[in-house]
Structures are given as structure tokens and as C-alpha cells.
Amino acid sequence: MRFFEYYAPKTLDEAIQLLVRHGEGAYPLAGGTDLVTKARYGHLRPRVIVNLKRIPGLNDIAPEEDGGLRLGALVTLAEIARSLLMGERYPLLAQTARKMGSVLIRNLATVGGNLCNAAPSADMAPPLIALGAEAVIVGPRGERRVRLEKFFHGPGQTELRHGELLTAIRLPPPRPRTRGVYLKHIYRQAMDIAIVGVAVLLQFDEQEAIAEDARIVLGAVAPTPLRVPEAESVLIGAPLTEDRRLEAARRAARAARPIDDTYSSAWYRREMVGVLTRRALEHLVSHSPER
Amino acid sequence: MKYPLTLKVNGETYRLEVKPHRSLLEVLRDELDLTGTNDGCRTGNCGACTVLVDGAPIPSCLMLALDAEGHEITTIEALSAGGELHPLQRAFVQRGAIQCGYCTPGMILSAYALLQENPRPTEAEVRRALVGNLCRCTGYVKIIEAVLAAAEEMASADVGSR
Ligand SMILES: Cc1cc2nc3c(=O)[nH]c(=O)nc-3n(C[C@H](O)[C@H](O)[C@H](O)COP(=O)(O)OP(=O)(O)OC[C@H]3O[C@@H](n4cnc5c(N)ncnc54)[C@H](O)[C@@H]3O)c2cc1C
Ligand code: FES
Ligand code: FES
């Protein structure tokens, strides 16, 4: 790695001022699992590193008055996996965190770093978008909020302008009779980047026969996470028959815009979007074990 | 330019001056001569560099040394302090869970952290805890056996001492 200046500010204001003062070439540091690797191999040449970990209040999981939750940007994946509050209110997120990296990586990696790094394969993005999460952004001109669905602009590109930090993710109150699942396709049992990720969230009616709402969000098959409204709409308001589930899976596969790379061909990714969407729906409808 | 760093490792406090782009792994090995922590992939994939930070296992190749300020670092050297092997270390030796030994310090620290949290893990739990520690020699079976055997020994020793 090359030399950079290092700062560990104790307040958010100080961190923002440092980033503004040093301009491009200044990077915030969270867990470092993406940043340190990229700096070591020259994919990034940071001139200045601003460590966010000494700033209080960025790593809390805090219930909010409306019944929602504020997830600090510096909360680690290990904390999400283990948090009782998470497990109770948003089991989908705890389940997703357990599918990421290894114990070692999860102890360092943060949810904010996963989102700001903006890899198309970032596992936290599809389930958070499905849950209707909002990004809380603080910069030189104060705070603003953006729906996470709009946060991603392309690989490595986000809504954040220079000097802005992601401070938290806001989750709306969990909705009743809602079940979700995130299926991640990889070639081995663990420790791999998603070839395809599919998050599906269904809100059932009282009889659990019909979905009142549905969300389908795909990862790793487009420059940004991709919500598929045309697949969601097939599922809402009518019995979740096999035919409808297959139609939703077909539409999700059609919506994907995958690329060929060293992990997978585009063709295989598209096929697997269909397969994973079908499996996710089967799992949610029948309570069958996850596959 | 170097930055001052106060590092707590295995109960000792060290006052150092380090370059900001040095990883915790590099400082442990090159400045403190704690060479039990091994240098493998430097990308967070192999686990050879595992150390405990406040009890939690992390890949020290991905942590900046300056970022470790204020935390308690534990390396493999601490486990046999006083010259006695830890039950995990003994179990690894006795069961042939070590061949070249390159992965072993990391394996043992990951297993140690698991047993602190979950003294009687199932085989599946042991496998999941060691996902980030790769071994190119043993095929893992003996490693899993050794961890389970050590867990049993430690748990019964615990009961005995009460
Ligand atoms: C071995 C290994 C396995 C992995 N497995 C997975 C996996 O299974 N799934 C997956 O999705 N990812 C995986 N990753 C990638 C990585 O661990 C995750 O993306 C992680 O969540 C990144 O978080 P971090 O805190 O380490 O980010 P950092 O590396 O600290 O930061 C990442 C980027 O975001 C910026 N940034 C960080 N926090 C903020 C903030 N609050 N505001 C503004 N900008 C910010 C940084 O400047 C940097 O550019 C893996 C990485 C490794 C090394
Ligand atoms: S050397 Fe750190 S994980 Fe391989
Ligand atoms: S014993 Fe050689 S790598 Fe594990």
C-alpha cells in the first residue's frame, strides 16, 4: 500500500470537513474490507483516509418511535446477524448477513460500507430495498434522506456527493403477516460473491392465501440492484398459484440485464434469476425449507 | 511520515511509531516480532492472519494498524503463555490437525473465539465458524474433530473445577 494521511475524527462535522478540505482522493474508512484491499492492489489511490469508527452514534441499532428501526451505517454484519431486535423485526436482514463473507469478514464489514461500495453484487442491497429502507445522508449542507432504491447510480457509483457520508439506514415499521427471503447463488457453500441474488418479500392477507403486497429485488444482474414491479404485480391480489409464481419468475428473468464476467455468463445469470425467484416464492408460500 | 500508536497486545502495552498504510498484520510481525500470525493472501480470504480484537476474530491483513488503537489484540502467542499448550493446541497436535501448520494459528484463534461464545458447538457450528480459515493440507476433517474434542475437554474441566 502507498502512503496516505490518516485521520480519526471524533465528530461527524469534523469528518465531513476533512473530506471536503482534502477533496477527491480522500476516502472514509469503515470496516476496510473493500477499501484496504483496493488500496493495497492499487485499484484506489487514497491520499487521505478518514476513519469513521471513532464517531459516536454511527454504530447503533436503535428502535424508532414509529416502530421502525435506525440502523447505523457502521453496524457490522456480525452485529446484524446476532441482534435480537433485528432477528425479531427484520429476520430477512439477519438471515442475509449470515450469508455474507465469513465470521472474520462479518466482524469487520459494515452495512454502510457494503452499500457505499456499491458493488452490483452487494448482498445487503436487495433485501434492504425490498423492506423499503431509506438512506440517511449527512454532508456539508446538512441531512437529507433518499429511498435506498434511488441510492445506487452504477457500479461503485452512488447518490453520495463528495463530502457526504451515509450515517444510517432507516427501516419502516415491520408490516404484519410479512415474510421475506434472500437467496444467494454461489458456487460453493460460503465466502463467495453472489452470481445472482434475489430478495422476495410478501405481505399476506389474513387467510394467508393472497399477497396484498409483493417486492422482488435482484442483485448482481444489472449495474445497480433491480426492483421488478412487473413481476411483483402478478403476485398481488390473486391466489399464489404455481402458474402465477412461474410467471413472476419469468418476468424477473426477462427484466435482468446481466453481463458476462469471470464468475458467470450473462445467460446463466438470467436463467438463475428465474430459478431463484421461483424457489423463493415456493419457500414463502409453502414454508418449505430454503433451498 | 509516521504516526504515534499505542497498541495493546496480549496484555502488554506498546508505544510505537508506524506508517499509516501499515496493516495490523505487518506491525505485529515486523515491529513486535509476533510472527505466529501468518501472512497469506492479504485479501481477507485465507484467515492465516487471524487475530482477536476485543475477543472477536478478524483478518489482521485488512485492518490498518492505526485503527487498532484502543482495542485489546490477542495473538496466538497468548494461548500458550506460561509454556503450557492450550487444550485446543493440544487437541490439534494429538489428532493430526496440523500438517504444514501455516493455517493453524488462525484456525485455533477462530476456534477459540467460537468456544468462548458457544462452549458446546455442533459440528455444523464448528464448520461455519471456520469458513474464513483455509487449510491446504489436512482436508479439514481432523481440524473439526480436534475442535470438538477440545470443546469436550474444556467443558468437562470446567465442570470439574466447580
Ligand atoms: C473475503 C471477503 C468476502 C466478502 N464477502 C462478501 C459477501 O459475501 N457479500 C458482499 O456483499 N460483500 C462481501 N465482501 C465485500 C465487503 O466485505 C462488503 O462490501 C462490506 O460490507 C464492506 O464494508 P466495509 O465496512 O468493510 O467497507 P469499507 O471497505 O470501509 O468501505 C467501502 C467503501 O465505502 C466507503 N464508505 C464506507 N462507509 C461509508 C459511509 N458511512 N459513508 C460514505 N462512504 C462510506 C469507503 O470510502 C469505501 O469506498 C467480501 C469481502 C472480502 C474481503
Ligand atoms: S492474509 Fe489475511 S486473510 Fe489471508
Ligand atoms: S496445515 Fe497446512 S495449511 Fe493447514
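On to the pattern of salt bridges, then. All names here are of chain A. Applying the stated criterion to the full structure yields 27 salt bridges over all chains. In this structure, Arg177 and Glu206 form a salt bridge, with 3.8 Å as the shortest nitrogen-oxygen distance. You can see Arg177 sitting in the loop between β10 (165-171) and β11 (178-185) and its partner Glu206 sitting in the loop between β12 (196-204) and β13 (211-219), a full 29 residues away along the chain. Looking at Glu206, the relative accessible area reads 61%, which means it is exposed. Between Glu232 and Arg227 there is a salt bridge, and its shortest N-O distance comes to 2.8 Å. The partly exposed category is assigned to Arg227, whose relative accessible area is 25%. Through salt bridges with shared partners, one network takes in Glu64, Asp66, Glu134, Glu143, Arg145 and Arg170.

On to the domain arrangement of chain B. A common measure of how large an interface is: the accessible area buried when the components associate. All names here are of chain B. Split into domains, chain B comes out as domain 1 (3-78) and domain 2 (85-160). Between the C-alpha centres of domain 1 and domain 2 there is a distance of 22 Å. When domain 1 packs against domain 2, close to 1000 Å² is buried across both sides, 62% of that on carbon and sulfur atoms. Run the count over domain 1 and domain 2 and you get zero salt bridges. The interface formed by domain 1 and domain 2 holds six residue pairs in polar contact (both at pLDDT 80 or more) in total.

Looking at ligand 1, there are 31 residues lining it, with Pro28, Thr33, Asp34, Thr110 and Asp123 of chain A nearest. At the site occupied by ligand 1, nearby residues are drawn from chains A and B. Leu166 of chain A is positioned such that a nitrogen or oxygen atom in its backbone is 2.8 Å from a nitrogen atom of ligand 1. One nitrogen or oxygen atom from the side chain of Lys184 of chain A is found 2.8 Å from an oxygen atom belonging to ligand 1. A total of 980 Å² of accessible area belongs to ligand 1 in isolation, and the protein chains cover 91% of it. No other element matches helix α7 (residues 111-117) of chain A, which puts four residues into the shell around ligand 1. Among the residues making up the shell around ligand 1, the classes are represented as 15 nonpolar, 12 polar and four charged.

All names here are of chain A. Taken domain by domain, chain A holds domain 1 (5-51), domain 2 (61-171) and domain 3 (179-286). The distance between the C-alpha centroids of domain 1 and domain 2 comes to 19 Å. Facing the 14 residues of domain 1 at the interface are 14 residues of domain 2. Summing the contributions of domain 1 and of domain 2, the shared interface buries around 1100 Å²; its carbon and sulfur component is 71%. Taken as a group, Leu12, Ile16 and Thr33 account for 37% of the area that domain 1 buries against domain 2, more than any other trio of residues on that side. If you look at where domain 1 meets domain 2, you find zero salt bridges. Our enumeration of links across domain 1 and domain 2 arrives at four residue pairs in polar contact (both at pLDDT 80 or more).

On to the nonpolar core. The biggest cluster of nonpolar side chains holds 85 residues, and the ones touching the most others in it are Leu115, Met124 and Leu128 of chain A together with Leu7 of chain B. The residues contacting Met124 of chain A, other than those within four sequence positions of it, are Leu77, Ile80, Leu93, Thr96, Ala97, Met100, Val111, Asn114 and Leu115 of chain A. Formed by 30 residues, the second largest nonpolar core is a distinct cluster that contains Ile195, Ala222, Ala231 and Ala248 of chain A.

What counts and what doesn't
Residues numbered from 1 in each chain as written. Chains lettered and ligands numbered in written order. Predicted model: local features only at pLDDT ≥ 70, side-chain atom pairs only at ≥ 80, totals over all residues. Heavy atoms only, no water. Salt bridge = Lys/Arg side-chain N within 4 Å of Asp/Glu carboxyl O. Helix = DSSP H or I, 4+ residues; strand = E, 2+ residues; numbered from the N terminus. Buried < 20%, exposed > 50% of the residue type's maximum accessible area, 1.4 Å probe, protein only. Domains from an automatic or database assignment. Buried area = accessible area lost by both parts, 1.4 Å probe. Polar contact = N/O pair within 3.5 Å; in protein donor to acceptor, adjacent residues only side chain to side chain. Near = heavy atom within 4 Å. Areas by Shrake-Rupley, 256 points an atom, 1.4 Å probe, with all protein chains shown as cover. Nonpolar A, V, L, I, M, F, W, Y, C, P; charged D, E, K, R; others polar. Contact = heavy atoms within 4.5 Å. Core = buried A, V, L, I, M, F, W, Y, C linked by side-chain atoms within 4.5 Å.

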